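Analysis of the macromolecular model
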Protein chains: 2
Amino acid sequence: MTQSVDQKASAAASATSEWLTAFQEALTARDADAAAALFASESYWRDIISFTWNITTVEGGAGVADLLRATLDEVDPVGFRVTEEPAEDDGVITAWIAFETRAGRGSGLLRLVGGKAFTLLTTLDELKGHEEPVNDRRPNGVRHGAFRDRVTWAESRAREATELGYTVQPEVLVIGGGQGGIALGARLRQLGVPAIIVERRERPGDSWRERYKSLALHDPVWYDHLPYIPFPANWPVFSPKDKIGDWLEMYTRVMELNYWGSTTCKSAVREGDGWAVVVDRAGEEITLRPRQLVLALGASGLPSVPGFPGREKFRGDQHHSSAHPGPDRYKGKKAVVIGSNNSAHDICAALWEAGADVTMVQRSSTHVVRSDSLMDLGLSDLYSERAVAAGMTTFKADTIFASLPFRIVPTLQIPVYNAIRERDAEFYRRLEQAGFDLDFGEDDSGLFLKYLRRGSGYYIDVGASELVANGDIMLAKGQVVELTEDEVVLDDGTRLPADLVVYATGYGSMNQLASDIIGQDMADKVGKVWGLGSGTAKDPGPWEGELRNMWKPTAQEGLWFHGGNLALSRYYSHYLALQLKARMESIPTPVYKRAEVHHTE
Amino acid sequence: MTQSVDQKASAAASATSEWLTAFQEALTARDADAAAALFASESYWRDIISFTWNITTVEGGAGVADLLRATLDEVDPVGFRVTEEPAEDDGVITAWIAFETRAGRGSGLLRLVGGKAFTLLTTLDELKGHEEPVNDRRPNGVRHGAFRDRVTWAESRAREATELGYTVQPEVLVIGGGQGGIALGARLRQLGVPAIIVERRERPGDSWRERYKSLALHDPVWYDHLPYIPFPANWPVFSPKDKIGDWLEMYTRVMELNYWGSTTCKSAVREGDGWAVVVDRAGEEITLRPRQLVLALGASGLPSVPGFPGREKFRGDQHHSSAHPGPDRYKGKKAVVIGSNNSAHDICAALWEAGADVTMVQRSSTHVVRSDSLMDLGLSDLYSERAVAAGMTTFKADTIFASLPFRIVPTLQIPVYNAIRERDAEFYRRLEQAGFDLDFGEDDSGLFLKYLRRGSGYYIDVGASELVANGDIMLAKGQVVELTEDEVVLDDGTRLPADLVVYATGYGSMNQLASDIIGQDMADKVGKVWGLGSGTAKDPGPWEGELRNMWKPTAQEGLWFHGGNLALSRYYSHYLALQLKARMESIPTPVYKRAEVHHTE
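Quick look at the structure, then. Just so it is clear, the model here is predicted, and its values are computed rather than measured.

**Observations regarding the overall build of chain A**
Across its full length, chain A holds 19 helices and 25 strands. Rg of the C-alpha trace for chain A: 26 Å, near the compact-globule value of 25 Å for 601 residues, within the 12% margin. With the C-alpha coordinates of chain A rotated into their principal frame, the extents come out at 75 × 70 × 45 Å. Taken over 601 residues, chain A has a buried fraction of 59%. Across chain A, contacts joining residues at least 24 apart in sequence account for 65% of those joining residues at least 6 apart. Summing over all exposed atoms, chain A offers an accessible surface of approximately 22800 Å²; the carbon and sulfur share of this is 48%.

**Here's the deal with the relation of the copies chain B and chain A**
Note on the identical chains: chain B maps onto chain A by a rotation of 180° and an axial translation of 0.0 Å, with an RMSD of 0.0 Å. The superposition operator between the copies reduces to a two-fold rotation axis. In terms of C-alpha distance to the rotation axis, chain B has methionine 250 of chain B as its closest residue, with the C-alpha 2.6 Å off the axis. Interface residue correspondence from chain B to chain A reaches 100%, placing this contact among same-surface, isologous pairings.

**Description of the interface of chain B and chain A**
Between chain B and chain A, the contact holds 57 residues from the first and 57 residues from the second. A buried area of about 5200 Å², summed over both sides, lies between chain B and chain A, and 57% of it is on carbon and sulfur atoms. Per-residue buried area on chain B facing chain A is highest for Arg138, Asn234 and Glu353 of chain B; these three make up 14% of the total on that side. The interface formed by chain B and chain A holds 12 salt bridges in total. When the shortest N-O distance is used, the salt bridge between glutamate 155 of chain A and lysine 213 of chain B registers 2.4 Å. There are 32 residue pairs in polar contact (both at pLDDT 80 or more) connecting chain B and chain A. For the side of chain B that touches chain A, the elements supplying multiple residues, two or more each, are helix 4 (153-163), helix 7 (221-224), helix 8 (241-254) and helix 9 (342-353) of chain B. Take the side of chain B that touches chain A: its biggest share by element is 8 residues, from helix 8 of chain B.

**Describing the environment of alanine 296 of chain A**
All names here are of chain A. Here alanine 296 is to be found in the loop between strand 14 (292-295) and strand 15 (317-320). In the structure, alanine 296 is positioned 265 residues away from phenylalanine 561 in sequence and 6.0 Å away in space, judged by C-alpha atoms. Apart from the residues within four sequence positions on either side, alanine 296 is in contact with Val174, Ile175, Gly176, Gly181 and His562.

**A look at the pairing of strand 16 (residues 334-338) of chain B**
All names here are of chain B. Taking burial as the measure, the 5 residues of strand 16 include 4 buried ones, the bulk of the element. Both strand 16 and strand 17 (residues 357-362) contribute to a ladder of 5 bridges, which runs parallel. Paired with valine 337 across the strands is methionine 360, a residue of strand 17. Each parallel crossover has a hand, and for strand 16 linked through helix 9 to strand 17 it is right-handed. Here strand 16 pairs with strand 24 (residues 500-503) via 4 bridges, running parallel. Opposite alanine 335, over in strand 24, you have leucine 500 as the bridge partner.

**Describing the pairing of strand 13 (residues 284-288) of chain B**
Residues and elements named next belong to chain B. For strand 12 (residues 274-281) and strand 13, the ladder comprises 5 bridges, and the chain directions are antiparallel. Opposite valine 277, over in strand 13, you have leucine 288 as the bridge partner. Hairpin geometry of strand 12 and strand 13 is characterised by an intervening segment of 2 residues between the two adjacent antiparallel strands and by a positive phi of about 50° at alanine 282.

**Looking at the side chain of histidine 218 of chain B**
Note on placement: histidine 218 of chain B falls in the loop between helix 6 (206-209) and helix 7. Here the side chain of histidine 218 of chain B touches asparagine 342 of chain B through a polar contact of 3.2 Å, side chain to side chain.

**A few points about the nonpolar core**
Residues Trp247, Leu293 and Ile518 of chain A together with Leu293 and Ile518 of chain B are the most contacted members of the largest nonpolar core, which totals 284 residues. Filtering out sequence-adjacent residues up to four positions away, leucine 293 of chain A remains in contact with Leu173, Ile175, Ala268, Trp275, Val277, Ile518, Gly558, Leu559 and Trp560 of chain A.

**A closer look at the sheet that holds strand 23 (residues 495-497) of chain B**
All names here are of chain B. If you walk across this open sheet you meet the 3 strands as 21-22-23, and the pairing is antiparallel. Unpaired on one side and paired on the other, strand 21 (480-483) and strand 23 mark the two borders of the sheet. For this sheet, the mean angle separating the axes of adjacent strands, direction not counted, is 25°. With 3 bridges connecting them, strand 21 and strand 22 (residues 487-490) associate as antiparallel partners. Considered in strand 22, the bridge of leucine 483 is made with valine 488.

**Structural notes on the sheet that holds strand 9 (residues 195-198) of chain A**
The strands that make up a sheet pair up through hydrogen bonds in the backbone, lying either parallel or antiparallel. Residues and elements named next belong to chain A. Taken in spatial order, the 5 strands of this open sheet run 10-9-8-14-25, and their pairing is parallel. The strands lining the two open edges of the sheet, one partner per strand, are strand 10 (259-260) and strand 25 (559-561). Sheet topology note: the strand 8 (residues 172-175)/strand 9 ladder contains 4 bridges and is parallel. Looking at strand 9, one finds that valine 172 is bridged to alanine 195. Where helix 17 (residues 510-518) meets the sheet, it contacts strand 8, strand 14 and strand 25, and its direction lies at approximately 140° from that of strand 14.

**A closer look at the packing of helix 5 (residues 179-190) of chain A against helix 19 (residues 566-584) of chain A**
Residues and elements named next belong to chain A. Relative to each other, helix 5 and helix 19 sit at 40°, their axes nearing to 8 Å. The orientation of helix 5 relative to helix 19 falls into the category oblique. The element helix 5 and its partner helix 19 pack so that their crossing is right-handed. Contacts between helix 5 and helix 19 involve Gln179, Gly180, Ala183, Leu184, Arg187 and Leu188 from the former and Leu566, Ser569, Arg570, Ser573, His574, Leu576, Ala577 and Leu580 from the latter. Looking at the contact of helix 5 with helix 19 residue by residue, the class counts come to 7 nonpolar, 5 polar and 2 charged.

What counts and what doesn't
Residues numbered from 1 in each chain as written. Chains lettered and ligands numbered in written order. Predicted model: local features only at pLDDT ≥ 70, side-chain atom pairs only at ≥ 80, totals over all residues. Heavy atoms only, no water. Helix = DSSP H or I, 4+ residues; strand = E, 2+ residues; numbered from the N terminus. Rg over C-alpha atoms; globule rule 2.2 N^0.38 Å. Buried < 20%, exposed > 50% of the residue type's maximum accessible area, 1.4 Å probe, protein only. Contact = heavy atoms within 4.5 Å. Areas by Shrake-Rupley, 256 points an atom, 1.4 Å probe, with all protein chains shown as cover. Least-squares fit on C-alpha atoms with pLDDT ≥ 70 in both. Buried area = accessible area lost by both parts, 1.4 Å probe. Salt bridge = Lys/Arg side-chain N within 4 Å of Asp/Glu carboxyl O. Polar contact = N/O pair within 3.5 Å; in protein donor to acceptor, adjacent residues only side chain to side chain. Pairing = 2+ DSSP bridges. Right-handed = clockwise from strand over helix to strand, strands pointing away. Core = buried A, V, L, I, M, F, W, Y, C linked by side-chain atoms within 4.5 Å. Axes fitted to C-alpha atoms, helices over the stretch in contact; angles between N-to-C directions. Parallel < 35°, antiparallel > 145°, perpendicular 65-115°, else oblique. Left-handed = near helix turned anticlockwise from the far one by under 90°. Nonpolar A, V, L, I, M, F, W, Y, C, P; charged D, E, K, R; others polar.

Here it is as structure tokens:
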């Protein structure tokens, strides 16, 4: 038995070595076709800025050959090798690899089937000569010796705070100081890229603190680490919102970010090869002149509040879910929550817990998945205590995640959700019996693809579904036709008495939010942000195969989009920061096949 | 070659296994003499609360037998085993071990020479049924499901802040909110022990921030980690004081400590089986009634300012080093710094850097060791990037450190300092040529032992010594006999003109500091704090073999001392917290051989 495991490992090692040798030879010979011939007919090469200075996936031999023809001379890739023993499972060999380019050092993950590449992920991890000052490169902190007019750390930080944005211009301005802006700010600081993060709320973490009081992360701790400082071993699985707020505030301080709270961005216009950005910093108008502008405004745009007739007549409280203060003042009151996704469920449950009389208005079908099941079947191989105990690191997990080309992710996810449906059959039966309209995505591929395609349409159940199933949260279905002084009226004539109406009706697009800052013309020029082009609801084609405009060059020089949940912010901030650093250092960054713009919203 | 390494490993494994089996059999048979016979004639067993509910070292077979006779029945030790492959080096087998007692789970380090135990360290790491909620025991953060009148994390924290110390009494009161109090507070929180930390300064970290501006840690980052949240990979080797201040402040927040800043302790008296402690919290007088009182007032006591004649006549600035504001206002002025240890050197160098005219008054010989040499030869096997890369963890390094009985530490340290003297011969020669009085400790055992014995008498050179050697910092030697209006006068008649006099003259004893709070009688009862009883200067005998009164039961029930540098605070806070937790849970904690009190200061 041991021998057969050894033999399998040794076969995997030699197959990988053979493939990498041939691949490297083809690259060195600048023979794109020979390299392409090493890929299976169905195959995917996803590159994150190492060959392409883009985030892009090419398909099949033709795609590979095209990418290589365009990039080989400039990239000059060398040293493809494995970094640990390849593993074989079910005919698929998985190999962790590393290589170098002219500009830097890269790594990746290769999957071989039948001796040919099925998937290849390549990422650029650091720029030569601009490595991060970590571990054996960490700063000394103080300069030993004696030097006239020494400047201490505190003095130097104070000087930076006084000068940056006033007498010294930042290289990068990040608009939006949630987890996305903060993670990116930390990466930029380590790379020595002068950056300011502006945030309209007062303190880091307020974007969490100011939301409804029962909010907690729906993603577990192992999935949520920020770069550099992972959550400690005692951190709760699901961070309460105020606790994550405190962590972000602490992180911003100890990572020495230049974070301008209480600062609103009024406008950003191109000026020379950079930007003139007018901000209001706690009442003072300041014009910043960064070379690069990053919009990290959150994965969603502005609150969407439907213009139902009669809204102005309604006498009770009404507000969007983002402005919902929590349930405390609604005990014994009648609450109608319009919407049936995450926020709607959370708010309904919290209102019920506080003793309100709650009705949820479901306007369209919703994907629901129980938190436990999502953790056990969806995440736990990569992000769980079990994975950590088995030696999985956050970087490895992220890389495995990133190595799956978006084209095949649905195929991989459908069986997961089939298993979840089977495991929770009784749960789903009860929900449907209560009249709840369920879906699992148009192709039954579940939650993660809904998130990538449209960023909405689901609820991760942490308790509210039981209240829906047992009728504690009353369910109404249909479209709202009007509000009266004290009712919500639906299209089937149902009249729901209400002291409170919460519009859990989602958010506008990121593009719309951007247009408020960069203007409609420029927003139209860069086009839709987020979505893969899957041709499913709210994710119009054509297929792009990457998240549109996210973390990569856009149609507007110097304009970038950053965001996503904590995990995506963590992972992609690395590569966005390197792109910004390369431009600051005038390292050539020829972009292979920048995605075309198809949608202006 | 490979085989011989394998053979050596296998011989080490079987020798260890044989020893552990025999040891366990003797323990199970309650045969103290049989167990004692497994120890070499020169041998040491250091126990940290696992057998003894004390921190104590016994020597030789007789010591072992005495310890076991007193403890075996209550402790009921079982399951002695190795936790990884033992290693052999130079005839010494080193084995990481684990075991269980009736109360908890322990671990340790065993060194065998010629089949017998030369050193054994045993520590109690957790109490059964009271394991820390970390990793797979971490809290969920939110309770999934729907519950009437749910209390959120923020509400629960706010309630605790309102109640604890007012309507609910803490189990433990920690006086002193530096790194010691903070590290202990974090441990206690994880163990569910309600605790308040009071600190007279406003914010956590102020004990660092308020010191002279050029101060940075003299210990490197790998040695300085706090429990639970290690410094990140980008943290500087030597933390500037304000940066460590920020870290402590943020740590206090995210570890959810009940930290009362701006709070002075006025008095503490016994009341029943606990304490009545009067504190002034930002102007409000509050009586706290904890069961346990921990003094974490810093390894040093109150500033010691010698009562030199003429002090009142001196017209310039004069202050103790702890009140020194930094050099900025002394450019071009004449500064006299009295003392020649760490603070004196740091302050002299900073004054010189700022352009003052500086004289250091050396009153007695000083141990100087260059920071680089201390790192390379003194610490780097355990605490360095190299050690981390070789798989050394902080816990392992701490355990190895703790496993060396204090009796033999000088023998181990002398060769280190001999090597340092050789390496830095030219450096020492130049210092002596400049007239500087050097020593390496009374037995040439160097810095760490000076720290353990008396907590003073040394300088870790980060640059000032060069200024002394080259005369940029002028050196005067002798005792101060008086101050005039504008001079410091020495016993040899030297008159040093001065605009500024800094008393870098050290601190009083911890005992003296304690007496301000608990009264002189109780301070006398518990006796001297710190020091090993080595019979060297400022560390009077008799030999105790452990740091007097630190982290272990004192002669006063319910009174504890905690402190030391970051490393000692980190390591021993673990065991102090467990002792406090055990008492809170009424787990029997019979103390073996509480140390006698010999000195009342």
